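# Breakdown of the fold
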Amino acid sequence: MRLVLIGPPGAGKGTQAEYLSERFLIPKISTGDLFRAHVGNESPLGLEAKQFMDTGQLVPDEVTIAMVEQRLDDPDAADGFLLDGFPRTISQAEALDGLLEPRGVKLDVVLELVVETDQVIRRLSGRRTCHGCGKIWHTEFDPTTVAGVCDRCGGELFQREDDRPETVTHRLDVYTKQTAPLINFYAAQGILVGVDAVGPVEDVTERAIGALRSFV
Ligand code: AP5
């Protein structure tokens, strides 16, 4: 399956991507995670991306598309993938089609996680991520046993730079203006499916698996 997850910041894309990639045995490709790894390594790409990420803006398309193209060439993506956070603009979506066409494949389905704005703001303000294994937690909705310490690997948790309230407002605005138009773009192609992403994480996963079943 070649799947794209779409939804506003904090909708739960990263959380669901982990479960869905396990369930469908496809690699999770998160452009946010790829950029954060480059930032952590202080690579030239990371230094360029950081200035956009810290202020909640999109990294320029040409940088992002080149990074995704390289990742799609990895052998594990040959038979399917789950894209989390890409595409995020109409031009990225068109570029993705252009990358898939010579490979003789196309997207099967775009899964939209539907959540209201007030809920995503609560989710982002309490999000904590593990430095060690990358697991996503929440201080209120999915807390660790010991505050600040990952239950899975014992790693230290951190709060993302771009989860500060003023940056979150800007990211939501960027989503509405630049990414939300993709919903109609994919609906017109008949490959969009939406699920209610409010409620316990495992319930959302079950709804997502149910919605994806007819595309497998
Ligand atoms: P990225 O990392 O993709 O951020 P995002 O799209 O803003 O999404 P988030 O990671 O903030 O949220 P999420 O939907 O994954 O939610 P999560 O599962 O963590 O991008 C970051 C930046 O990188 C961008 O701003 C941009 O600068 C750059 N970038 C990335 N891709 C790009 C691209 N294609 N083009 C250009 N630039 C790009 O969940 C959030 C919280 O909610 C967690 O704490 C979680 O535990 C909790 N939670 C999850 N599900 C539930 C639930 N059902 N109930 C209660 N709490 C829940």
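This text gives an overview of the structure that appears in the document.

## A word on unusual backbone geometry
A negative phi angle characterises most non-glycine residues, just as the trans form characterises most peptide bonds. Phe86 connects to Pro87 through a cis peptide bond whose omega is -5 degrees. Positionally, Pro87 belongs in the loop between strand 3 (81-84) and helix 5 (90-100). Of note in this structure, Leu25 is not a glycine but carries a positive phi near 55 degrees. With respect to the helices and strands, the residue Leu25 is situated in the loop between helix 1 (13-24) and strand 2 (28-30). The residue Glu42 is not glycine, and still its phi comes out positive at about 55 degrees. Residue placement: Glu42 occurs in the loop between helix 2 (31-41) and helix 3 (44-53).

## Let's talk about the state of the cysteines
Counted under the stated rule, the structure contains zero disulfides. In this structure Cys150 is a free cysteine whose sulfur lies 3.8 Å from that of Cys130, the closest cysteine sulfur available. Sulfur of Cys153: no disulfide; nearest cysteine sulfur belongs to Cys130 and is 3.4 Å away. Judged by its relative accessible area of 41%, Cys153 falls in the partly exposed class.

## Details of the pairing of strand 8 (residues 192-196)
Only one face of strand 8 is buried: it carries Val193 and Val195, and the other face, with Leu192, Gly194 and Asp196, is open. As defined by bridge partners, strand 4 (residues 109-114) adjoins strand 8 across five bridges and the pair is classed as parallel. Counted as the bridge partner of Glu112 is Gly194 from strand 8.

## Observations concerning the sheet that holds strand 5 (residues 127-130)
Here we have three strands laid out as an open sheet, ordered 6-5-7, and antiparallel in their pairing. With one partner strand each, in any of the chains shown, strand 6 (136-138) and strand 7 (157-158) form the two edges of the open sheet. Sheet topology note: the strand 5/strand 7 ladder contains two bridges and is antiparallel. Its bridge partner being in strand 7, Thr129 is matched across the sheet by Phe158. Lying on the sheet, helix 6 (residues 117-125) is in contact with strand 5 and strand 6; it crosses strand 5 at an angle near 45 degrees.

## Some details on the site of the ligand
Around the ligand, 35 residues are found, and the nearest of them are Thr15, Gln57, Arg88, Arg127 and Arg171. Take Trp137: an N or O atom from its main chain is 2.7 Å from an oxygen atom of the ligand. Between Arg160 and the ligand, the recorded distance is 2.9 Å, taken from a side-chain N or O atom to an oxygen atom. Notes on the ligand: free accessible area 1,000 Å², of which the protein chains cover 97%. If you list the elements that add at least two residues to the shell around the ligand, you get helix 1, helix 2, helix 6, strand 6 and helix 9 (201-212). Among the elements that line the shell around the ligand, the one with the most residues is helix 2, at four residues. By residue class, the composition of the shell around the ligand is 15 nonpolar, twelve polar and eight charged.

## Description of the environment of Val201
Within the element layout of this structure, Val201 appears in helix 9. Using a relative accessible area of 29% as the deciding quantity, one classes Val201 as partly exposed. Apart from residues lying up to four places away in sequence, Val201 is in contact with Thr15, Gln16 and Tyr19.

## Comments concerning the nonpolar core
Core analysis: the biggest nonpolar cluster contains 25 residues, and Leu3, Leu20, Phe24, Leu82, Leu111 and Leu212 have the highest contact counts within it. Residue assignment for this core shows that the elements contributing at least two residues are strand 1 (2-6), helix 1, strand 4, helix 6, helix 7 (165-179), strand 8 and helix 9. In terms of residues, this core owes the most to one element, helix 9, which gives five residues. With sequence-adjacent residues up to four places away left out, Phe24 is seen in contact with Met1, Ile209, Leu212 and Val216.

The rules behind each value
- Residues numbered from 1 in each chain as written.
- Predicted model: local features only at pLDDT ≥ 70, side-chain atom pairs only at ≥ 80, totals over all residues.
- Heavy atoms only, no water.
- Helix = DSSP H or I, 4+ residues; strand = E, 2+ residues; numbered from the N terminus.
- Disulfide = S-S within 2.5 Å.
- Buried < 20%, exposed > 50% of the residue type's maximum accessible area, 1.4 Å probe, protein only.
- Pairing = 2+ DSSP bridges.
- Contact = heavy atoms within 4.5 Å.
- Axes fitted to C-alpha atoms, helices over the stretch in contact; angles between N-to-C directions.
- Near = heavy atom within 4 Å.
- Polar contact = N/O pair within 3.5 Å; in protein donor to acceptor, adjacent residues only side chain to side chain.
- Areas by Shrake-Rupley, 256 points an atom, 1.4 Å probe, with all protein chains shown as cover.
- Nonpolar A, V, L, I, M, F, W, Y, C, P; charged D, E, K, R; others polar.
- Core = buried A, V, L, I, M, F, W, Y, C linked by side-chain atoms within 4.5 Å.

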